[in-house]
Amino acid sequence: MKKNMITGSKLWSIAMITSLLAACSSPATTSTTANAATSTTGTTKTVSVSEQTSVKYADLVSLDADDTNISWSEADSTAIKLNGTTATVTGSGAKAANGSVTISEAGTYVLSGELTDGQIVVNVADKDTVHLVLNGATIHDNDSAAIYIQKAGKAVITLEKGTKNTVSDGKTYVYADATTDEPDAAIFSKADLTFNGAGQLTVTGNYNEGITSKDDLKIISGSISVKAADDGIKGKDMVAIQAGTITIEAEGDGIKSTNDTDTTKGYVAIAGGTFDIQSGNDGIQAETALVADGGTYNIVTGGGSANAPAKVEEGPFGGGGGGWGGGTPPTDMGTPPDGEPPADMPEMPNNSGTNAGTSTNGAAPSNSTNPAPSNSANTTTTTTTDNNADADTATTATESTSAKALKAGTDLTVNGGTYTIDSMDDSLHSNNNVTVNDGTFNIESGDDGIHADQALTINGGTITIVKSYEGLEGAIITLNDGDVDVTASDDGVNAAGGETETAANTATDATTTSNISVTETTGTTSTTDQASQGTATTQQGRGPGGMGGAAASNNEFHINGGSLTVNAGGDGLDSNGSINMTGGTVIVNGPTDNGNGALDYDGTFEISGGYLVAAGSSGMAQGTSDTSTQNTIVMTFPATQKAGTLVHVQDSEGNNILTFAPAKDYQTVVVSSPDLAKDGSYVIYSGGTSTGKAVDGLYTDGTYSGGTQVVAFQSTSNVTWVNESGVTTANSGMGGPGGGRGQGGFGGGRNRSQSGTDTDTSQ
């Protein structure tokens, strides 16, 4: 149940999608539209979030004829035959000496054979293209990069169809002098570098990195396997992958871009391919934008979610309901939906790369031997405040190791693909916005399943988060479509926070839908001055009792369509501000402890459409707000009901309103349906059976029978609270200190700290 206090003077900076030019090849330019814009002055904030971000691979990447050229012939190429520590050159433009080959003219060079300790150096003065064809070549250099592109307009490496090629370096490099630190990868290029072809390439970066380009890095096709002491594949200005089969085992990041000085660069764009990535740090990390149109991904980071540091909840008065106690989230997650909460886990072992070595720059070595650089573990000391509404003092400084699966410094956009992720840290993460337009996800996360510092928007896809600390988290969360299933040991959905450390600009050049504010039914959301709503005492579930908590923040959770199923050990749906539901189906299996609630909001929960059922404990129970236009029933049973015990609601004519089997023990059930009338007569039953088929515990057909009538009543308002005696008043809290939202106590909050990973600023 994380709560982020936002001071009124903070200025939220959300990056604008800008026109983007690849460093040496100009991609297609389309219209520029802001994805989100936020400003805060005093206690008033205006937010508008576009429904769809349509940035795609083609918007960012353009290919020229050289990028896709795989043809060559003996007549128009130079042959380089490798033989142990020597090489034979047949043709012009290259010379062999001292076990290495230097290419000094543009053209096509076909390499075959084995070089056991030597280097292929490209040093071309003009801006033309050098085409290297690996035609069954094995290249190893003991003390430098095996392939070193010192100077060229562009280098293209073709993997000849049907061939196996190997490139590797040693653990110790030799530099020309002590001030030189490049090259530092088995394949290292200072120019644009492109891979294509249908052959195989195995790269082993024993010293530091596997493949590095100081400019653009493109992979058009081929089967590429990389093992690296630090990062696997790295491009400074961009990494663009059109297709191919890519396998990476890296102590550092799997794939990354690094340009942090030009906001139009530093991105990763993927059209498709097959990816198997095991990384000590981030799986795929973009300094600016990360865009994935498709592909099949299997990503394990930091050894997986089992290595996640344990989370610790703290706060004044313990943060629990009705008492002074505190502690970690409950781990009783019930049965369906599948998934288990992360238990207390050991810290991730230090991933420091210990391989010794140094590197040469193509000049004659001078015995200046350097050890391998330590693993760039994205480790920074950061200050994190994750507060409940009443706890604004707990600030924890932690040293962070980033081990996220997909991470963007600005915007992360997923347009499709199949993702199997087991991450020690967040599975999908952006320092700005995350947009999921489509795709199939199976996620096990040691922290958040999907996290956006600003806006998290889901427009489609199938997302199954089988394990997480918190499932979905963002300052503004919008579900427009798609099927989302979340299992979390703490909050299932958490609309909270809003970081100020967002990158200045989003490096994407894309067409987005209009960013104007329209009604919620379109999926676009806008809010103004919601902080004032937090003091309202007329909301359902925000009853009197105890010393009140803090006013609501401007965080929002919007549900406009799709389906959402939540199994949470903490709060089911949690917003530090408000919740708005206009459509879709939401099923919540909330907490069993009384210090959390199936629904938890600090502003309002207005529902005007869709179907909602939320079951959980009773101590902190909330219903929807009385300003809603769709009716709601909140039923509190006299005692806790066992998991799987049916709760059935029908109207006076026997029409089914709800037949539901919660996955965990419960005492309160909230149901809102278009079929509920403000002045309708209803009967609630407990137990019994149904002949229908249940999906996530919800029965939508069949015949109910055999239950025990708990209460018959007539609703009196659009939010009707009932117990076994009939219509009653809204929950007024538990009494005693420890209530988290001004209900029955001193409003104690909770803060999250952890022994290890939290946030990082090195992208």
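Calculation notes
- Residues numbered from 1 in each chain as written.
- Predicted model: local features only at pLDDT ≥ 70, side-chain atom pairs only at ≥ 80, totals over all residues.
- Heavy atoms only, no water.
- Helix = DSSP H or I, 4+ residues; strand = E, 2+ residues; numbered from the N terminus.
- Contact = heavy atoms within 4.5 Å.
- Areas by Shrake-Rupley, 256 points an atom, 1.4 Å probe, with all protein chains shown as cover.
- Phe/Tyr/Trp six-rings, centres within 6.5 Å; stacked < 30°, edge-to-face > 60°.
- Buried < 20%, exposed > 50% of the residue type's maximum accessible area, 1.4 Å probe, protein only.
- Salt bridge = Lys/Arg side-chain N within 4 Å of Asp/Glu carboxyl O.
- Pairing = 2+ DSSP bridges.
- 1 Å grid on protein atoms, 1.4 Å probe; cavity = no way out; pocket = protein on both sides within 12 Å on 5 of 7 lines; lining within 4 Å.
- Points joined across faces, edges and corners; volume = space filled by probe spheres on them.
- Nonpolar A, V, L, I, M, F, W, Y, C, P; charged D, E, K, R; others polar.
- Patch = residues over 30% accessible without salt bridge, like charges linked within 9 Å, V, L, I, M, F, W, Y side chains within 5 Å.
- Lys, Arg positive; Asp, Glu negative; His and termini not counted.
- Charge placed at Lys NZ, Arg CZ, Asp CG, Glu CD.
- pLDDT = per-residue confidence, 0-100.

## Describing the overall build of the protein
- Within the protein, the secondary structure is distributed over two helices and 65 strands.
- For the protein, long-range pairs separated by at least 24 residues make up 64% of all intrachain contacts whose partners lie at least 6 apart in sequence.
- About 24,800 Å² of surface is accessible on the protein, with carbon and sulfur atoms providing 47% of the total.

## Side note on the packing of aromatic side chains
- Taken as a whole and judged by the stated rule, the model has nine aromatic pairs.
- For the ring pair Tyr 297 and Tyr 419, a centre distance of 4.4 Å and an interplane angle of 5 degrees mean the geometry is stacked. Of this pair, Tyr 297 sits in strand β28 (residues 296-301) while Tyr 419 sits in strand β35 (residues 418-423), and the two are 122 residues apart along the sequence.
- Note on Tyr 419: relative accessible area 1%, which makes it buried.

## Some points on the pattern of salt bridges
- Under the defined criterion, the tally for this structure stands at eleven salt bridges.
- Ionic pairing is found between Lys 265 and Asp 237, a salt bridge with its closest N-O pair at 3.9 Å. In this pair, Lys 265 is assigned in the loop between β23 (255-257) and β24 (267-270) and Asp 237 in the loop between β20 (233-235) and β21 (238-241), connecting sequence segments 28 residues apart. Summarising the burial analysis for this pair, Lys 265 and Asp 237 share the class buried.
- Linked by salt bridges that have partners in common, Asp 64, Asp 67, Lys 154 and Lys 218 make up one network.

## As for the environment of Thr 440
- Counting through the fold element by element, Thr 440 comes out in strand β38 (residues 440-445).
- As a C-alpha pair, Thr 440 and Thr 462 span 22 residues in sequence and 4.8 Å in three-dimensional space.

## Re the pairing of strand β4 (residues 86-90)
- By the bridge criterion, five bridges tie strand β3 (residues 78-84) to β4 in an arrangement that is antiparallel. Note that in β4 the partner of Asn 83 across the bridge is Thr 86.
- Joining the antiparallel neighbours β3 and β4 is a turn of one residue.

## Description of empty space enclosed by the protein
- One pass over the full model with this rule turns up two cavities of 30 Å³ or more.
- Volume-wise, the largest cavity comes out at about 50 Å³.
- Surrounding the largest cavity, Ala 598, Leu 599, Ala 614, Ala 615, Gly 616, Ser 617, Ala 621, Gln 622, Thr 668 and Val 670 form its lining.
- Contributing elements (two or more residues each) for the lining of the largest cavity: β52 (611-616) and β56 (666-672).
- With three residues, β52 is the single largest residue contributor to the lining of the largest cavity.
- Residue classes in the lining of the largest cavity are distributed as six nonpolar, four polar and no charged.
- Space inside the second largest cavity adds up to approximately 40 Å³.
- Lining of the second largest cavity is provided by Asn 631, Thr 632, Ile 633, Leu 676, Ala 677, Tyr 682, Ser 715, Ser 717 and Thr 720.

## Re the pairing of strand β55 (residues 656-660)
- Of all five residues in β55, four are buried; the element is thus mostly enclosed.
- When strand β54 (residues 647-651) meets β55, the two strands line up antiparallel, connected through four bridges. From the neighbouring strand, His 648 faces β55, where its bridge partner is Thr 659.
- Linking two consecutive strands that pair antiparallel, namely β54 and β55, is a turn of four residues; a positive phi of about 85 degrees is found at Gly 654 within it.

## A look at a negative patch on the surface
- Negative charge collects at one region of the surface, where Asp 66, Glu 105, Asp 126 and Asp 128 lie side by side.
- In this structure, Asp 128 sits in the loop between β8 (120-123) and β9 (129-141).
- Judged by its relative accessible area of 42%, Asp 128 falls in the partly exposed class.

## Some details on the confidence of the model for the protein
- In the predicted model, the protein carries a mean pLDDT of 79, and 70% of its residues have values of at least 70.
- Scored below 50 in pLDDT, residues 499-550 shows 196 contacts in the model against residues more than four places distant or in partner chains.

## A closer look at the environment of Lys 256
- Relative to the helices and strands, Lys 256 is located in strand β23.
- According to the relative accessible area criterion, Lys 256 is buried, its value standing at 7%.
- Distance in space between the C-alpha atoms of Lys 256 and Val 239 is 7.1 Å, their sequence separation being 17 residues.

## What to know about the environment of Lys 56
- Along the chain, Lys 56 turns up in the loop between β2 (44-49) and α1 (57-60).
- Its relative accessible area of 37% is what places Lys 56 among the partly exposed residues.
- Taking the C-alpha atoms as reference points, Lys 56 and Ala 292, separated by 236 residues in sequence, lie 7.4 Å from one another.
- Residues contacting Lys 56, with those up to four places away along its chain left out, are Val 291, Asp 293 and Asn 415.

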